[in-house]
Amino acid sequence: MAIGFWIVATAVLPPAVQAAQPESTVVHLSDRAAVSVPAGDYLYSDAQQPPTEGWQRASVPLLDLYAAPRNPQPRVMWVRFYLDTDLPGPSRAASASAVPIAWTAAYMSERFRFFINGREVFRNYADPADLPMSTFKPQLVGLPAALIRPGRNEIAIRLESAKIYTLGVSRMEIGPETAIRKIYNWRYITQFQGVLVSNSMLGILALFAILLWLRRRQDTTLGWLALLGSLWFIRNLRYYYEAPPVPIDLYWHVQINIIFAMMAVFYCFAARFLDIRNRQLWTIVSLGIAATAIVSQLVLTSLGVGDVFSHLLVIPLSIAILVVFGRAALVNRKPENIAMFTAAAMGIASAIHDFGLGMKAWQGVHFALLPYAGVMIFLVFAFALGRRLIDALGTVENLNVILEERVAVASAELERNQKQIRELEVAVALEQERERIMREMHDSVGANLISALAVAEHGDASRRTVATLKRSLTDLRIAVDSLEQVDGDITLLLASFRYRMEPELRAAGWRFDWRVENVPALEWLDSANALHVLRILQEALSNALTHSGGNVITFTSRLSFREGRPGVEIILADNGAGLDRSLGADVARPRGKGHHNMMVRAKALGAQLTIVNAKEDGTQVSLWLPLFR
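Keep in mind that what you see is a predicted model, and the values were worked out from it rather than measured.

The rules we used
- Counting of residues starts from 1 at the beginning of each chain's written sequence and follows it residue by residue.
- In keeping with the model being predicted, local features are shown solely for residues with a pLDDT of at least 70 and side-chain atom pairs are shown and tallied solely at 80 or more, while totals for entire chains, interfaces and linings include all residues.
- Each side-chain value is derived from all of the structure's non-hydrogen atoms; neither hydrogens nor water enter the calculation.
- Numbering of helices and strands starts at the N terminus; helices are DSSP runs of H or I of at least 4 residues and strands are runs of E of at least 2.
- Burial status follows relative accessibility: with a 1.4 Å probe on protein chains alone, a residue under 20% of its type maximum counts as buried, one over 50% as exposed, and anything between as partly exposed.
- Exposure was quantified through the Shrake-Rupley algorithm and a 1.4 Å probe, taking into account, for residues, occlusion by the shown protein chains and nothing else.
- Salt bridge, as used here, is a side-chain nitrogen of Lys or Arg placed within 4 Å of a carboxyl oxygen of Asp or Glu.
- Nine residue types can take part in a nonpolar core, namely buried Ala, Val, Leu, Ile, Met, Phe, Trp, Tyr and Cys, and a core is a set of them joined through side-chain atoms within 4.5 Å.
- Throughout, a residue-residue contact means that at least one pair of heavy atoms, one from each residue, lies within 4.5 Å.
- We call two strands paired when DSSP finds no fewer than two bridges between them.
- Orientation is described by axes fitted as lines to C-alpha atoms, over the contacting stretch for helices, and by angles from 0 to 180 degrees between their N-to-C directions.
- Each patch is built from salt-bridge-free residues with over 30% relative accessible area, joining like charges within 9 Å and nonpolar side chains (Val, Leu, Ile, Met, Phe, Trp, Tyr) within 5 Å.
- Two N or O atoms form a polar contact when they lie within 3.5 Å of each other; inside protein one atom must be a possible hydrogen donor and the other a possible acceptor, and for residues adjacent in sequence the pair counts only when both atoms belong to side chains.
- Between the first and last residue of a helix there are one fewer steps than residues, each counted as 1.5 Å, and that sum is the expected span.

Draft legend 1. A look at the overall build of the protein. The number of helices and strands found in the protein is 14 helices and 16 strands. Sorting the 629 residues of the protein into buried and exposed places 46% on the buried side. Looking at the protein as shown, the accessible area adds up to about 32700 Å², and 60% of this sits on carbon and sulfur atoms.

As structure tokens, then:
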């Protein structure tokens, strides 16, 4: 596709652009600005140090991406130029070391070594067996001041590649490090980081198209779109790794031939989207041309011949794409058809730009546009498909008007039935709640009232009777508090517990140390579970008052994780004597019915209850409630 348009473009280029003459290989250092390297000497040699003879002059960039492949050797190339470090004007006498110097290049071959005056100062690999994919990344090398001498300095670069195509260097600049780094940063963003972001977006869009096609496999248009996005994403995967996962020659064959496959898939998608006549025939023709181009490229490169002929095969297909798209956009000027023509023009323009850049026909924007065009084209396709989807939804909405009228009658009847069911459910729930309250009153308040009656009948002191009755009243109030709607707010529930229990603690000479934090709500905390929590805390508090011998209760709540699960931990600690340490363990063993009831209630909550000696003095009761269950 790009070859045919490149031939037209280069035919009208000024002669100076088409056949630039080699310039001087000497670069004069500037103390402020970066200076481009206009020309250099080159030769093919396996030497490990810069050769002294056999050099030839050529303009920079010294690279032709579409030249005949090198089959077999040589695969090592030397390029050199000279740097004059004498600064112009009043700064001429200044030392070169006063201005930090750096060198940058737009891209290089897989492996390269950088020499200054015969001394190696940088290489982009550590192991000679490495083949770093540095072609698409800019390079930056700082020049050590100790190796730079006044006047002329020789800069030599040894390039080694395992690719089948010509070695060479791209645009190079040298100068003050601050100016060079600005160029390097801009290139790194546009040539590498920007492509990574763009291709990641393309991968997401392609995945969405695949998932959409899996739900509508009968829609072949979506299938071709998903395949196109996947091929484009796979081709740009070369920006994600330093070394290819397959042999380098095979890798570059795939990279070149996948372009032909993308073009064929692109046309197959467009033929179905525009619903052109004889689209089956066009599909066969486009796939056949792409297959022929792929086979010819493999054959020609294996014979050591340039693969330009393979690109020439797709010129008719490129022309057909523009003609069909343009005709569809003129005949039926719908926004989606215009968008399709725009997408085709963008893709072809990007290919022209990149091919001309590789053939040194022009400098363009100095980086490849085709990786970015993939996202733009895919977004245009998505817009076109979205337009069709909106039209389809409009048709469906008209049909839904009739259905909605019929559904309204049935919905009214269903609503009446559901209302009756809800009323019945409320009645059942109220009855169950009433039975629960009665059971709690019988088990707690009733038992305490019986104790109070027994104390009174035996003529005991009235103070104990009053205390027992007050405890009964507290139990009753706690049971009632559990019925309040807290919407899972455990902090609100604990505040209510403090309100009920703090007066009793103060009357007994105890102090409440309140350290409750705001914690997430527990969605499962209904009234029944709330009462379980309150009863566990009430029993723990009662045990502290009765057995600990202390005078301070510390109450804490916080967010806590156990076994990777989030939850809320409630800690009630006293400063009393603590557990019996003669048992040889800090963890309390079940003793008495109160302790047993606490464990039973914790199990009902799906919680974890532990009773241990505190770090200093006293006993610590910890109740951990899961955030989700």
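Draft legend 2. Summary view of the pattern of salt bridges. Taken as a whole, this structure holds 16 salt bridges when the rule is applied. Of the charged contacts, one joins E569 and R558 as a salt bridge, the two residues approaching to 3.3 Å between their closest N and O atoms. Here E569 is found in strand 14 (residues 565-574), whereas its partner R558 is found in strand 13 (residues 552-562), with eleven residues between them in sequence. Looking at E569, the relative accessible area reads 8%, which means it is buried. Residue R558 is classed as partly exposed on the basis of its relative accessible area, which comes to 37%. The network of salt bridges with shared partners includes D41, R57, R80 and E154.

Draft legend 3. Broad picture of the nonpolar core. Grouped together as the largest cluster of nonpolar side chains are 44 residues, with contacts concentrated most on F325, M340 and F381. Contributions of two or more residues to this core are made by helix 3 (177-215), helix 4 (220-235), helix 5 (248-273), helix 6 (279-302), helix 8 (315-331), helix 9 (335-358) and helix 10 (370-457). It is helix 5 that provides the largest number of residues to this core, a total of 13 residues. Residues contacting M340, with those up to four places away along its chain left out, are F269, A270, F273, F325, V380, F381 and A384.

Draft legend 4. Here's a closer look at the sheet that holds strand 2 (residues 35-36). Reading across from one edge, 2-11-6-9 is the order of the four strands in this open sheet, with antiparallel pairing throughout. Each end of this open sheet is capped by a strand with a single partner; those strands are strand 2 and strand 9 (139-143). Inspection of the sheet shows strand 2 paired to strand 11 (residues 172-176) by two bridges, in the antiparallel sense. The residue of strand 11 that forms the bridge with S36 is E173. Helix-sheet contacts for helix 3 involve strand 6 (101-105), strand 9 and strand 11, and the interaxial angle to strand 11 is about 140 degrees.

Draft legend 5. Region of interest: the sheet that holds strand 12 (residues 511-516). Pairing is mixed in the open sheet, where five strands are placed in the order 12-13-14-16-15. Edge positions in the sheet fall to strand 12 and strand 15 (608-613), since each has one partner strand and no second. Across this sheet, the average inter-strand angle for adjacent strands is 20 degrees, counted without regard to direction. Both strand 15 and strand 16 (residues 619-626) contribute to a ladder of six bridges, which runs antiparallel. Bridge pairing in strand 16 places N613 opposite T619. Most of the contacts of helix 12 (residues 490-507) go to strand 12, to which it runs at about 175 degrees, and overall it touches strand 12, strand 13, strand 14 and strand 16. Those strands touched by helix 13 (residues 527-548) are strand 13, strand 14, strand 15 and strand 16, and its axis lies near 25 degrees from that of strand 14.

Draft legend 6. Here's a closer look at a nonpolar patch on the surface. A contiguous nonpolar surface patch, about 270 Å² in accessible area, is contributed by L207, L211 and L214. One can find L207 in helix 3.

Draft legend 7. Examining the environment of E154 more closely. Tracing the chain through its elements places E154 in strand 10 (residues 152-160). Relative accessible area serves as the criterion here: at 17%, E154 is assigned to the buried category. C-alpha separation for the pair E154 and G118, spaced 36 residues apart in sequence, amounts to 7.5 Å. Apart from the residues within four sequence positions on either side, E154 is in contact with P50, R80, F81, Y82, F115, I116, N117 and G118. A polar atom in the side chain of E154 sits 3.5 Å from the side chain of R80.

Draft legend 8. Structural view of unusual backbone geometry. In the segment running from V60 into P61, the intervening peptide bond is cis, with an omega of 10 degrees. Assignment of secondary structure puts P61 in the loop between strand 4 (56-59) and strand 5 (76-84). Its identity as a non-glycine residue notwithstanding, N117 has a phi of 50 degrees, on the positive side. Within the secondary structure layout, N117 lies in the loop between strand 7 (111-116) and strand 8 (119-123).

Draft legend 9. Highlighting helix 4. With 16 residues, helix 4 extends 23 Å between its outermost C-alpha atoms, agreeing within 8% with the 22 Å of an ideal straight helix rising 1.5 Å per residue. For helix 4, the buried fraction is high: twelve of the 16 residues fall into the buried class. For helix 4, the side-chain oxygen to backbone nitrogen distance between the N-cap and T221 is 3.1 Å, and the N-cap itself is D219.

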